[in-house]
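Okay, here's what each chain looks like letter by letter:
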Amino acid sequence: MITVVLVIHLLIAMALVGVILLQRSEGGALGIGGNAGFVSGRAAGNILTRATALLAVAFFSTSMILAVLAGGNRADSILDAPGQPASAPSGQASGEPSVPLPE
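Residues numbered from 1 in each chain as written. Predicted model: local features only at pLDDT ≥ 70, side-chain atom pairs only at ≥ 80, totals over all residues. Heavy atoms only, no water.

*Asks:* In this structure, what is going on with the nonpolar core? I would like to understand it.
*Replies:* Soluble globular proteins: nonpolar side chains tend toward being buried together. Formed by Ile12, Leu16, Val19, Leu48 and Leu55, the largest nonpolar core amounts to 5 residues. Looking at this core, the elements with two or more residues in it are helix H1 (2–22) and helix H2 (42–70). Take this core: its biggest share by element is 3 residues, from H1. (Core = buried A, V, L, I, M, F, W, Y, C linked by side-chain atoms within 4.5 Å. Buried < 20%, exposed > 50% of the residue type's maximum accessible area, 1.4 Å probe, protein only. Helix = DSSP H or I, 4+ residues; strand = E, 2+ residues; numbered from the N terminus.)

This is how it looks when you write it as structure tokens:
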């Protein structure tokens, strides 16, 4: 399930980058994006703006879905016991050092 959502997420991200690059630069910060563009006109600008908004909503939605799916197999939370220290990694007692010390 995560793989399917991840592939959809990546496709949406690539489409979002493409739609953003197709839009006309209005600030002129780079000195490009005059009137002779691939997509020009007020109607085309509205279509690209709406497509950007829809792709952005889809991107954030798939991001949230991926976050929920990734955290779904977590057994405990850091908010469950606020006063206790974190447990040691498996196979390591709490009093032993994590790296063997030279003798």
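Having seen the model, we can carry on.
*Asks:* What is the right way to read the packing of aromatic side chains from this model?
*Replies:* Aromatic ring pairs are described here by two measures, namely the spacing of the ring centres and the angle between the planes. Under the definition given, this model contains 1 aromatic pair. Seen from their ring centres, phenylalanine 59 and phenylalanine 60 are 5.9 Å apart, and the 80 degrees between their planes marks the pair as edge-to-face. By relative accessible area, phenylalanine 60 is classed as exposed at 55%. (Phe/Tyr/Trp six-rings, centres within 6.5 Å; stacked < 30°, edge-to-face > 60°.)

*Asks:* In this structure, what is going on with H1? I would like to understand it.
*Replies:* Every α-helix carries 3.6 residues per turn, so stepping three or four residues along brings you back to the same face. Across its 21 residues, H1 extends 30 Å between first and last C-alpha, which sits within 8% of the 30 Å expected from 1.5 Å per residue. Every buried residue belonging to H1 is among Val5, His9, Ile12, Leu16 and Val19, and all of these are buried. In a view along the axis of H1, the buried residues occupy a sector of 95 degrees, so they form one face of it. Summarising the geometry of H1, the exposed residues directed more than 90 degrees from the buried face are Thr3, Leu11, Met14 and Leu21. (Expected span 1.5 Å × (residues − 1). Arc of directions from axis to C-beta.)

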